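# Structural overview for review
Spelled out, the chains give:
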Amino acid sequence: MALDPETLSQLLDTVRRFVDNRLRPLEAKVAEDDAIPAEVVQDMRDMGLFGMSIPETYGGLGLAMSEEVQIAFLLGRTSPAFRSLMGTNNGIGSQGIVIDGTDEQKSHYLPRLASGELIGSFCLTEPGSGSDAGSLRTSARRDGDDFLINGTKRYITNAPEAGVFTVFARTNPDSRDASGVSAFVVDANLPGISLGPNDHKMGQKGAHTCDVIFDNVRVPVSAIIGGEARLHQGFKTAMKVLDRGRLHIGSVCVGVAERLIEDSLRYSLEREQFGKPIGEFQLIQAMLADSKAEAYAARCMVEETARRKDQGIDVSTEAACCKMYASEMVGRVADRAVQIHGGAGYIADYGIERFYRDVRLFRIYEGTTQIQQLVIARNMLKDARTW
């Protein structure tokens, strides 16, 4: 564990109060404005939330995975937009550098990512490739001691705010799969980089995505994450990053589910029909019980997998299980929450319909449910062949 029990308890209490007293009252405003107030972003920086997973050596909190998921449970209890802004700095926007970066890359980027001075963004998905990341077409052509990057990345989280991109590009033009892909760390202000308009999404207003276009963007060989020794190794870096990200997303799903269960329980005690609270009707109780049991199961899965990861055990299969189950689970919980609230659940005033739309994305990004199924099954088959 990175923190002693007392320090961790104090951090959790601070985050809990911040979520309850600062963030939750702003949920409707953030959705309406499609923006997080600047003063709230600064509060997040001051609390160290942009550097939870970045080592203390580089100014982060250096939380163990089992500690990070406890924070994510709490952050999940409010609008996903808040967590999304800091999420890339703790996950896909920084972990490639943390795991495989050179000493120079770490010392240059990680302190500014940990402080929130820089927002990191992960450029993998393209107009023609998403789940099939190995088919990406963005190219990085060698030109002396540099590479020229050309291509378009799509649905890139936090791209409008990003100061640095982790960019995946094909460095071996003869390859047709992931073996010819390299990962680059690219400053967002380089000539040749442009952004498309912000995407108009179904939910998660306040969390921004857009296209990132690279037009002969020149970067040095030293921009390869891990240096030239890791040329064509970018896909392996991506997979290492996604393992932690899937656990983090799973824990956020648990937090959202627990929030929705509390809101549904409160409403079932206040709303009366036929002369008594609707919570006294068995069919309402069944929906509450199913939601509670599923959220509890997901919490246990995430906590146990996080502990195993901290012990150095390969949890690729289990992390995929957590992401798959928790993201599907929170969708079912949100659907029941709308049903329990009845007509009120369909009206924007209660916020339930907003969460219903927000949680749908969890089943898509950082690997769809179907990709998680493939990862799990393929790992099972591989392990079975060693019996």
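Refer to the preceding data block for the structure.
The structure presented is a predicted model; accordingly, all values stated were derived computationally and were not measured.

## Observations concerning the packing of helix α4 (residues 65–75) against helix α9 (residues 282–310)
It is the contact of α4 with α9, at a shortest axis distance of 7 Å, that shows an interaxial angle of 150°. When the axis of α4 is compared with that of α9, the two are roughly antiparallel. Side by side, α4 and α9 meet where Met65, Ser66, Val69, Gln70 and Phe73 of the first sit next to Arg299, Val302, Glu303, Ala306, Arg307, Lys309 and Asp310 of the second. Residues of the contact of α4 with α9, tallied by class, amount to 5 nonpolar, 2 polar and 5 charged.

## Details of unusual backbone geometry
Look at asparagine 158: it is not a glycine, yet its phi comes out positive at around 65°. In this fold, asparagine 158 is placed in the loop between β3 (146–157) and β4 (164–170). Phi at phenylalanine 274 takes a positive value of approximately 55°, unusual for a residue other than glycine. Following the sequence through the fold, phenylalanine 274 ends up in the loop between β8 (272–273) and β9 (276–277). For phenylalanine 274, a relative accessible area of 77% puts it in the exposed group.

## Things to note about the side chain of glutamate 366
For glutamate 366, the position within the fold is in the loop between α11 (352–358) and α12 (369–384). Although glutamate 366 lies buried, it forms no salt bridge, and the closest oppositely charged side chain, arginine 83, sits 5.5 Å away as judged by the N-O distance. Non-local contacts of glutamate 366, meaning those with residues more than four positions away in its chain, are made with Ile92, Leu242, Gly245, Arg246, Ile249, Lys323 and Gln372.

## Comments concerning the nonpolar core
When a protein is soluble and globular, its nonpolar side chains tend to lie buried together. Ranked by internal contacts, the top residues of the largest apolar core, which has 31 residues, are Val256, Leu260, Val302, Met329, Val330 and Phe362. At the level of elements, α4, α8 (234–270), α9, α10 (316–341) and α11 are the ones that each hand at least two residues to this core. Apart from residues no more than four positions distant in its own chain, methionine 329 is found in contact with Cys253, Val254, Ala257, Glu294, Ala295 and Ala298. Membership of the second largest hydrophobic core comes to 27 residues, among which are Leu11, Phe50, Leu75 and Ala207.

## Points about the packing of aromatic side chains
Applying the stated criterion across every chain yields a total of 6 aromatic pairs. Centroid distance phenylalanine 274 to phenylalanine 281: 6.2 Å. Interplanar angle 85°. Geometry classified as edge-to-face. Judged by its relative accessible area of 26%, phenylalanine 281 is partly exposed. A ring pair is formed by phenylalanine 362 and tyrosine 365, whose centres lie 6.0 Å apart and whose planes are at 55°; its orientation type is tilted.

Cut-offs and rules
Residues numbered from 1 in each chain as written. Predicted model: local features only at pLDDT ≥ 70, side-chain atom pairs only at ≥ 80, totals over all residues. Heavy atoms only, no water. Axes fitted to C-alpha atoms, helices over the stretch in contact; angles between N-to-C directions. Helix = DSSP H or I, 4+ residues; strand = E, 2+ residues; numbered from the N terminus. Parallel < 35°, antiparallel > 145°, perpendicular 65-115°, else oblique. Contact = heavy atoms within 4.5 Å. Nonpolar A, V, L, I, M, F, W, Y, C, P; charged D, E, K, R; others polar. Buried < 20%, exposed > 50% of the residue type's maximum accessible area, 1.4 Å probe, protein only. Lys, Arg positive; Asp, Glu negative; His and termini not counted. Salt bridge = Lys/Arg side-chain N within 4 Å of Asp/Glu carboxyl O. Core = buried A, V, L, I, M, F, W, Y, C linked by side-chain atoms within 4.5 Å. Phe/Tyr/Trp six-rings, centres within 6.5 Å; stacked < 30°, edge-to-face > 60°.

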